[in-house]
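Residues per chain are reported as follows:
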Amino acid sequence: MTQLAAALSQALGQQSVLTSTPELTPYSRDATAGYAQMPAAVVFPEDAAQVGAIVRLCAEHRAPIVPRGGGTSLSAGAVPVRGAVVLSLQKLNQILETDAQNLTMLVEPGVITERIDETAATHGLFYPPDPGSIKTSTIGGNVASNAGGLRGLKYGVTRDYVLALEVVLPSGEITWLGSKCRKDAAGYALRDLFIGSEGTLGIVTKILLKLLPRPAAKATVLATFSNLEQAAATVSAIIAARLNPCTLEFLDRATLRCVEAQVQLGLPTSAGAVLLMESDGHSGAVAEEAAQMAALARAHGALEVREARNPAEADQLAAARRQAYPALAQAWPSAILEDVTVPRSELAAMVRFIEETTRRHDVACAIFGHAGDGNFHPTYLTDERDPAAMARVRAASREIALEALRRGGTITGEHGIGLAKKNYLPLQRDAASFALLKQIKRAIDPENLLNPGKIFDL
């Protein structure tokens, strides 16, 4: 590794290469509990040309490359393998163009996700994808994992807003995939191949994003229930009524109590669950939709329904929901955030199964997530240093993943596979499609240098 470190330092400058243990330690893991591996080096390129040079040098020395954004991955997607060079994209952090005429924005991968929507807002525009880690995750990581978010119900996920990508291939070549055109049928959709590929096929160095006109109005409603099943039934009723809210989020009692301890907003900690409902669009339609959702919540047993009195209160409620995982993580030695999705008609039944399964395995569990699109985040509250406790967590997690599949769902709605879910992927994919994944990887990265061991093993 000494020769490679010297070559990298010569190409980038010594200040852009880390090799000492204290410097490397923060890059040995991401936000996923239970996974860590010290890298051999960390590098900080400043442009696509330097990324290409790093890739070529690593290929010469047969060193694996692990791309890294904000390190917020919850699937161990950014955890190094032994001997790897972690390629941090934090210096590629510029918004290069906001094209208000064509409703697009060109950004580098290290831009914090929240900054994209804040910049769009100054032009009266809107970038909808909003993962829970919006204040710390980077857009490159969002692309790599096809991140979702609270507004996914109405607006979709990251893939729905990527028009084009600049990608450094495993050969070190730089290519541009896509265009500003909303219609483009010129050959295979290669751009889409790299979205959600978790850094295993190429390294994204520029992203052209689609923007929308900013909604004129928004209403936020908070409904309190005695149990989580009532909240789930309300969500199913809202969807069945053909309403189209931008957000339908739920939190159970355990999550509520941890969040309230952090934000102190006066959330109803004695409640079994709350449902956060948001509508946006034209003011008249928003008011009508909010009233209909409130009525459905009451019809399904809501103890209390209240609408945010002003935008500041609405923002506080949304911020409280985003605090769910950080609050749980601070309250327990380890909080392992799961990610499964089922068809929305299966919501209530899946809630019951999660509660019964974690109780049977003696695993403390908080449940929250994006109820409107069927995406659950059962969060196991444990201590990753306790082998017996982790064995119980793994057993419960496997049963929940299998139940999601049995109900027509998926083992991950937005976090990706990484290391954490790769043993489950063959259970979701048939043999032909699983083989096709490997064929694509071998065709594009025949030396298996880019984020090896993630998603599947070769």
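Relevant structure appears above.
All of these numbers come straight from a predicted model, not from anything done at the bench. (Residues numbered from 1 in each chain as written. Predicted model: local features only at pLDDT ≥ 70, side-chain atom pairs only at ≥ 80, totals over all residues. Heavy atoms only, no water.)

1. Observations regarding the overall build of the protein
Selection rule: Helix and strand assignments follow DSSP, with helices taken as H or I runs no shorter than four residues and strands as E runs no shorter than two, numbered in order from the N terminus. We take the radius of gyration over the C-alpha atoms and set the globule estimate at 2.2 Å times the residue count to the 0.38 power. Classification of residues uses two cut-offs on accessible area relative to the type maximum, computed with a 1.4 Å probe and protein chains only: under 20% is buried, over 50% is exposed, and between them is partly exposed. Two residues qualify as a contact provided that any one of their heavy atoms is within 4.5 Å of a heavy atom in the partner residue. Every accessible area reported is derived by Shrake-Rupley at a probe size of 1.4 Å, with residue values counting cover from the shown protein chains alone. The charge count includes Lys and Arg as positive and Asp and Glu as negative, but it does not include His or the ends of the chains. By convention, the charge on Lys lies at NZ, on Arg at CZ, on Asp at CG and on Glu at CD.
Within the protein, the secondary structure is distributed over 16 helices and 19 strands. Compactness check: the protein gives a C-alpha radius of gyration of 22 Å against a globular reference of 23 Å for 458 residues, within 12% of the reference. With the C-alpha coordinates of the protein rotated into their principal frame, the extents come out at 65 × 60 × 45 Å. Across the 458 residues that make up the protein, the buried fraction comes to 55%. Counting only contacts in the protein whose residues sit at least 6 apart along the sequence, the fraction spanning at least 24 positions is 71%. Counting only carbon and sulfur atoms, one obtains 51% of the accessible surface of the protein, whose full area is about 18900 Å². For the protein, the distance from the average site of its 44 positive side-chain charges to the average site of its 47 negative ones is 2 Å.

2. Thoughts on the layout of surface pockets
Put simply, the test is: Of the grid points, spaced at 1 Å and generated over the protein atoms alone, those admitting a 1.4 Å probe that cannot get out make up cavities, while open sets with protein on both sides within 12 Å along at least five of seven lines make up pockets; any residue with an atom within 4 Å of a point is treated as lining. Grid points are joined across faces, edges and corners, and a volume is the space filled by probe spheres set on the points. In this count, Pro and Cys sit with the nonpolar residues alongside Ala, Val, Leu, Ile, Met, Phe, Trp and Tyr, while Asp, Glu, Lys and Arg are called charged and the others, Gly among them, polar.
Here the second largest pocket defines a volume of roughly 630 Å³. Together, 29 residues line the second largest pocket, and Arg 159, Ile 195, Gly 196, Ser 197 and Arg 429 are the ones closest to its centre. Every element with two or more residues in the lining of the second largest pocket is listed here: α5 (139-145), α7 (190-194), α15 (425-428) and α16 (431-444). Per element, the largest residue contribution to the lining of the second largest pocket is 3 residues, and it comes from α16. Looking at the lining of the second largest pocket, its residues break down into 12 nonpolar, 11 polar and 6 charged.

3. Notes on the sheet that holds strand β9 (residues 174-178)
As a general point, the strands of a sheet are linked pairwise by backbone hydrogen bonds and lie either parallel or antiparallel. Here is the rule: We treat two strands as partners when DSSP finds at least two bridges between them. To define axes, lines are fitted to C-alpha atoms, for helices over the stretch in contact only, and angles between the resulting N-to-C directions are given on a 0 to 180 degree scale.
Within the open sheet, the 5 strands sit side by side as β5-β6-β10-β8-β9. Their pairing is antiparallel. Of all strands in the sheet, those with a lone pairing partner are β5 (95-99) and β9, marking the two edges. Pairs of neighbouring strands in the sheet enclose a mean axial angle of 10°, with direction left out of account. Of the strands in this sheet, β8 (162-168), β9 and β10 (203-210) are in contact with helix α3 (residues 48-60), which crosses β8 at around 45°. In the packing of helix α4 (residues 113-121) onto the sheet, contacts are made with β5, β6 (104-107) and β10, and the angle to β6 comes to roughly 140°.

4. Focus: empty space enclosed by the protein
Scanning all chains against the criterion turns up 2 cavities of 30 Å³ or more. In this structure, the largest cavity occupies an estimated 60 Å³ of space. Leu 222, Leu 251, Leu 256, Leu 267, Val 274, Leu 276, Leu 317, Ala 320 and Arg 321 together form the lining of the largest cavity. Looking at the lining of the largest cavity, the elements with two or more residues in it are β14 (273-281) and α11 (311-322). Per-element accounting of the lining of the largest cavity gives the leading share, 3 residues, to α11. Per-class residue counts for the lining of the largest cavity are 8 nonpolar, no polar and 1 charged. Taken as a whole, the second largest cavity holds about 30 Å³ of empty space. Taken together, Leu 228, Ala 231, Ala 232, Phe 250, Leu 347, Val 351, Ala 371 and Phe 376 make up the lining of the second largest cavity. Counting residues per element, the ones that place at least two in the lining of the second largest cavity are α8 (228-240) and α13 (347-360).

5. Re the side chain of Thr 220
Examined against the element boundaries, Thr 220 turns out to sit in strand β12 (residues 217-225). If sequence neighbours within four positions are ignored, Thr 220 has contacts with Leu 276, Met 277, Glu 278, Arg 306, Glu 307, Ala 308, Ala 314 and Leu 317.

6. Notes on the packing of aromatic side chains
How we decide: Only the six-membered ring of Trp is used, alongside the rings of Phe and Tyr, when aromatic pairs are assigned; centres must lie within 6.5 Å, and planes under 30 degrees apart are stacked while those over 60 apart are edge-to-face, with the rest tilted.
Counted according to the given criterion, the structure contains 5 aromatic pairs. Seen from their ring centres, Tyr 27 and Phe 44 are 6.0 Å apart, and the 75° between their planes marks the pair as edge-to-face. A residue pair is termed long-range when its members are at least 10 positions apart, and Tyr 27 in the loop between α2 (21-24) and β2 (41-43) and Phe 44 in the loop between β2 and α3 qualify at 17 residues. Ring geometry for Phe 250 versus Phe 376: centroids 5.6 Å apart, planes at 70°, classification edge-to-face. Here the residue Phe 250 occupies a position in strand β13 (residues 247-252), and Phe 376 occupies one in strand β19 (residues 375-382), the gap between them amounting to 126 residues. Residue Phe 250 is classed as buried on the basis of its relative accessible area of 3%.

7. A closer look at the sheet that holds strand β1 (residues 17-18)
Spatially, β1-β2-β4-β3 is the arrangement adopted by the 4 strands of the open sheet, whose pairing is mixed. Each end of this open sheet is capped by a strand with a single partner; those strands are β1 and β3 (65-68). Here β3 pairs with strand β4 (residues 85-88) via 4 bridges, running parallel. If you follow Pro 67 over to β4, its bridge partner there is Leu 87. In the packing of α3 onto the sheet, contacts are made with β2, β3 and β4, and the angle to β4 comes to roughly 175°.

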